[in-house]
Amino acid sequence: MSLPIHWNAEAIWEAVVPLVPDFSIEILPSIDSTNTELMRRARAGRCDPVLLVAEEQTAGRGRLGRPWQSGEAGGAGMPESHAAGPASLMMSLGLPLAPISWSGLSLAVGVSVADSLQPQVPAPGSAMPLLGLKWPNDLWLEGDRKCGGILVETASFVAPPAGMSAADAHALRYVVVGIGLNVLPRPGDGMTTPPACLQDIDARWTAPEALAAIVAPLVSTLQHFARTGFAPFQQRFAERDLLRWRSVHMSDGQSGIAAGVNDDGTLLVNTASGEQSVTSGDVSVRPAGQPLPASPES
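Residues numbered from 1 in each chain as written. Predicted model: local features only at pLDDT ≥ 70, side-chain atom pairs only at ≥ 80, totals over all residues. Heavy atoms only, no water.

Asker: Tell me about the confidence of the model for the protein, and name the residues and values.
Answerer: Chain-level statistics for the protein give a pLDDT mean of 86 and a share of 86% at 70 or above. Note that residues 71-83 has pLDDT below 50 and, in this model, 15 contacts with residues that lie over four places away or in other chains. Within the model, pLDDT remains below 50 along residues 287-298, and this stretch shows 12 contacts once partners closer than five positions in the same chain are excluded. (pLDDT = per-residue confidence, 0-100. Contact = heavy atoms within 4.5 Å.)

Asker: Describe the sheet that holds strand β5 (residues 138-141), listing the residues and the values that go with them.
Answerer: Taken in spatial order, the seven strands of this open sheet run β1-β2-β3-β7-β6-β5-β4, and their pairing is mixed. With one partner strand each, in any of the chains shown, β1 (24-28) and β4 (131-134) form the two edges of the open sheet. Between one strand axis and the next, the sheet turns through 20° on average, direction left out of account. Bridge analysis of β1 against strand β2 (residues 50-54) gives five bridges, and the strand direction is parallel. Residue pairing for β2: I27 is matched across the bridge by V53. Where helix α5 (residues 207-228) meets the sheet, its contacts fall on β2, β3 (88-97) and β7 (173-182), and the angle it forms with β3 comes to roughly 25°. (Pairing = 2+ DSSP bridges. Helix = DSSP H or I, 4+ residues; strand = E, 2+ residues; numbered from the N terminus. Axes fitted to C-alpha atoms, helices over the stretch in contact; angles between N-to-C directions.)

Asker: Explain the pairing of strand β9 (residues 255-261) to me, using residue names and the numbers behind them.
Answerer: Of all seven residues that make up β9, five are buried, and the element is covered over most of its length. Judged from the three bridges that link them, strand β8 (residues 247-250) and β9 form a sheet pairing that is antiparallel. Following the sheet pairing, S247 is matched in β9 by I257. Connecting β8 to the antiparallel partner β9 that follows it, the hairpin turn spans four residues, and G253 within it adopts a positive phi of roughly 95°. Across three bridges, β9 lies against strand β10 (residues 267-271) in antiparallel orientation. Each bridged residue has a counterpart across the sheet, and for V261 the counterpart in β10 is L267. Here β9 hands over to β10 after five residues, with G265 in that stretch at a positive phi of 85°. (Buried < 20%, exposed > 50% of the residue type's maximum accessible area, 1.4 Å probe, protein only.)

Asker: Mind laying out the packing of aromatic side chains, listing which residues take part and the relevant values?
Answerer: In total, this model carries one aromatic pair according to the counting rule given. Here the aromatic rings of F230 and F237 are separated by 6.4 Å at their centres, their planes lie at 75°, and the arrangement is edge-to-face. Relative accessible area serves as the criterion here: at 2%, F230 is assigned to the buried category. A residue is classified by how much of its surface remains accessible, and F237, at 2% relative accessible area, is buried. (Phe/Tyr/Trp six-rings, centres within 6.5 Å; stacked < 30°, edge-to-face > 60°.)

Asker: Describe in detail the sheet that holds β9, supporting the description with residues and values.
Answerer: The five strands lie next to each other as β11-β10-β9-β8-β12, forming an open sheet whose pairing is antiparallel. Two strands bound the open sheet, and with one partner strand each, they are β11 (274-278) and β12 (283-285). Strand-to-strand twist in this sheet, taken as the mean axis angle between neighbours without regard to direction, amounts to 45°. As judged from the three bridges shared by β8 and β12, these two strands associate in the antiparallel manner. Note that in β12 the partner of H249 across the bridge is S284.

Asker: Help me get a handle on the side chain of S106, residues and values and all.
Answerer: If you trace the backbone, S106 turns up in helix α3 (residues 105-117). A polar contact is formed between the side chain of S106 and the backbone oxygen of P136, at a distance of 2.9 Å. Setting aside its immediate chain neighbours within four residues, S106 contacts P136, N137, I150 and V152. (Polar contact = N/O pair within 3.5 Å; in protein donor to acceptor, adjacent residues only side chain to side chain.)

Asker: Any details on the pattern of salt bridges? Residues and values, ideally.
Answerer: Two side chains with opposite charge may pair up if their charged atoms get near one another. Considering all chains together, one arrives at 10 salt bridges under this definition. Across the pair E26 and R41 runs a salt bridge, and its minimum N-O distance is 2.8 Å. Taken together, the residues span a long stretch of sequence, with E26 in strand β1 and R41 in helix α2 (residues 34-43) at a distance of 15 residues. A relative accessible area of 25% means that E26 is categorised as partly exposed. Among the salt bridges present, the one from D200 reaches R145, with a minimum N-O distance of 3.2 Å. Highlighted residues: D200 in the loop between β7 and α5 and R145 in strand β6 (residues 145-155), separated in sequence by 55 residues. Counted as one network, the salt bridges with shared partners bring together E26, D32, E37, R40 and R41. (Salt bridge = Lys/Arg side-chain N within 4 Å of Asp/Glu carboxyl O.)

See the structure below:
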């Protein structure tokens, strides 16, 4: 019999409630998808600020409707010390939000999560792998191994609170930020991108500790983003941008060299026909073993 998982929900709630007074936390043993559940609630008129954590997901979703499979807790072959917690962190944060612009939100979320899990960006040449960001919504470790993903969804049917201005009420939506992270090692069978995990950065990481590190800074990030948009996060994203100066292939068939993002989170790609701005779609990169283009001189 597996031991109960201690999620430290009270401590997380105490850290968040000064920012969001009506905040609540729910821990579920199993659900189809935390994002799907919060969107169901939003359609039914339930748009309360809530953190929903699942110990198991049976139909997790990634970007463009792709399935996201969680690892099993204490999977076969895992050391005994791994057996008490889930191999993955699966959470969704739901929050009413009225930002000045929605552009770049998933990138700001990625910056917040990466900074919480790896506060110091490793120096070039360091033995510590960089927890980097692959535009627009993946967390990778150097070497093109996927550690996690972010799925942001919004619902427009939110009743504005009393006293909110007409302009803010018009922009108000219920945003659901889903985050899935590999915490323990997992096999990569059938995956197009080899998996990485948080324990590749620090063997002490567990799913509950990762949750405690992520949530309060993420709430603060969302509130900051609502006031300012993506621009203040641009430099921090650049420090973890794993596409910059890489040869990339876009979903429209074009190829080029990724040149970072602008102040609204748009991906810039230098192609044979000039610089292209990419606001949506898939971007793939060459395998890590292939030579990378040289960075332009500053």
